[in-house]
Amino acid sequence: MNYHNITKCDLKNGEGIRVVLWVSGCEHKCIGCHNPQTWSKDSGIPFDDNAKLEIFEELEKDYVTGLTLSGGDPLAKSNRNEILDLMIEVKDKFPNKDIWCYTGYELNEIRDLEHIKYIDVLVDGKFEKELSIPSPKWCGSSNQKVIYLK
């Protein structure tokens, strides 16, 4: 799995102060996407132990609420194994931190994935430019849903 960035002290991609992992790879390729540079699974840099350590160091801070997975699409088929491993490790090491996951898939398309039991909040659905909304609360278009799974 590759990634483009790790954002620290983020306030725009979930509730509270968050660390955000921006992964590479997205099959949806939504028109008007804000991150088309992340579509190719080969873009960015390899996610390695140093990147994981960077995330964990941020999650150790008391004021950080949790981890947000975005991109690209964390649940793209090319990302699923490594994202699942990361979520399991985050929940093991930081049980009081939450995990938000942005995906172009709808919940009914991924409800059988093991990932669901580790996600606290899922923001689902493809970005639809014609349904874009100004000042969205965690979403880019009105068809997307913020689903509190826990």
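Look a little higher up for the structure.
Numbers given for residues are sequential positions, taken from 1 along each chain in its written order. Side-chain atom pairs in this predicted model are given and counted only at pLDDT of 80 or more, local residue features only at pLDDT of at least 70, and totals for whole chains, interfaces and linings cover all residues. Derived side-chain values reflect all non-hydrogen atoms in the structure, with water molecules and hydrogen atoms excluded from consideration.

## Some remarks on the packing of aromatic side chains
Where we set the bar: A pair of Phe, Tyr and Trp rings is counted when the ring centres sit within 6.5 Å of each other, with Trp represented by its six-membered ring. The angle between the planes then sorts it: under 30 degrees is stacked, over 60 is edge-to-face, the rest tilted. Counting from the N terminus, the helices are DSSP H or I runs at least four residues long and the strands are E runs at least two residues long. Buried means the residue's accessible area, taken with a 1.4 Å probe over protein chains only, is under 20% of the maximum for its type, while exposed means over 50%, and partly exposed covers the values in between.
Following the criterion strictly, the structure yields four aromatic pairs and no others. Aromatic side chains Tyr3 and Phe47 sit 5.8 Å apart centroid to centroid with 85° between the ring planes, which places their arrangement in the edge-to-face category. Taken together, the residues span a long stretch of sequence, with Tyr3 in strand S1 (residues 2-10) and Phe47 in the loop between strand S3 (45-46) and helix H1 (49-59) at a distance of 44 residues. Assessed through its relative accessible area of 8%, Tyr3 is described here as buried. Measuring from centroid to centroid gives 6.2 Å for Trp100 and Tyr148, while their planes differ by 80°, and the two rings are edge-to-face.

## Topic: the sheet that holds strand S2 (residues 17-23)
In plain terms, the rule: Pairing between two strands requires that DSSP report at least two bridges joining them. Two residues form a contact once any of their heavy atoms are found within 4.5 Å. Axis angles are defined between N-to-C directions and span 0 to 180 degrees, where every axis is a line fitted to C-alpha atoms and, for a helix, only to the segment in contact.
The sheet built from seven strands is open, its strands ordered S3-S1-S2-S4-S5-S6-S7 with mixed pairing. The sheet is open, and its two borders are formed by S3 and strand S7 (145-148), each paired with just one other strand. Here H1 sits on the sheet in contact with S1, S2 and strand S4 (64-71), set at roughly 15° to S1. Lying on the sheet, helix H2 (residues 80-93) is in contact with S2, S4 and strand S5 (98-102); it crosses S4 at an angle near 180°.

## A look at the pattern of salt bridges
Here is the rule: Salt bridges are identified by distance alone: a Lys or Arg side-chain nitrogen within 4 Å of an Asp or Glu carboxyl oxygen.
Scanning the model with the defined rule gives nine salt bridges in all. Notably, a salt bridge pairs Asp98 with Arg18, separated by 2.8 Å at the nearest N-O pair. Taken as a pair, Asp98 in strand S5 and Arg18 in strand S2 lie far apart in primary sequence, 80 residues in all. Both residues of the pair, Asp98 and Arg18, count as buried. Across the pair Glu89 and Lys52 runs a salt bridge, and its minimum N-O distance is 3.0 Å. Here Lys52 lies in helix H1 and Glu89 lies in helix H2, a separation of 37 residues in the sequence. One continuous salt-bridge network, built from bridges that share partners, spans Lys52, Glu89 and Lys93.

## A short note on the pairing of S1
Pairing analysis gives two bridges linking S1 to S3, with the strands arranged antiparallel. Bridged to Asn2 within S3 is Pro46. Relative to S2, S1 is paired through five bridges, and the arrangement is antiparallel. Note on S2: the bridge partner recorded for Asp10 is Arg18.

## Focus: the packing of H1 against H2
Quick note on the threshold: Note on angle classes: values under 35 degrees are labelled roughly parallel, values over 145 roughly antiparallel, values of 65 to 115 roughly perpendicular, and the remainder oblique. Should the near helix be turned anticlockwise from the far one by less than a right angle, the crossing is left-handed, and should it be turned clockwise, the crossing is right-handed. For this scheme, ten residues count as nonpolar: Ala, Val, Leu, Ile, Met, Phe, Trp, Tyr, Cys and Pro. Four count as charged, namely Asp, Glu, Lys and Arg, and the remainder, Gly too, count as polar.
Close contact between H1 and H2 brings their axes to 12 Å; oriented N to C, the two are set at 30°. In terms of orientation, H1 and H2 fall into the roughly parallel class. Two packed elements cross with a definite hand, and for H1 against H2 that hand is right-handed. Facing Lys52, Phe56 and Leu59 of H1, the residues of H2 in contact are Leu86, Glu89, Val90 and Lys93. Class assignment of the residues belonging to the contact of H1 with H2 gives a composition of four nonpolar, no polar and three charged.

As far as function goes, none of this settles anything; it's purely spatial.
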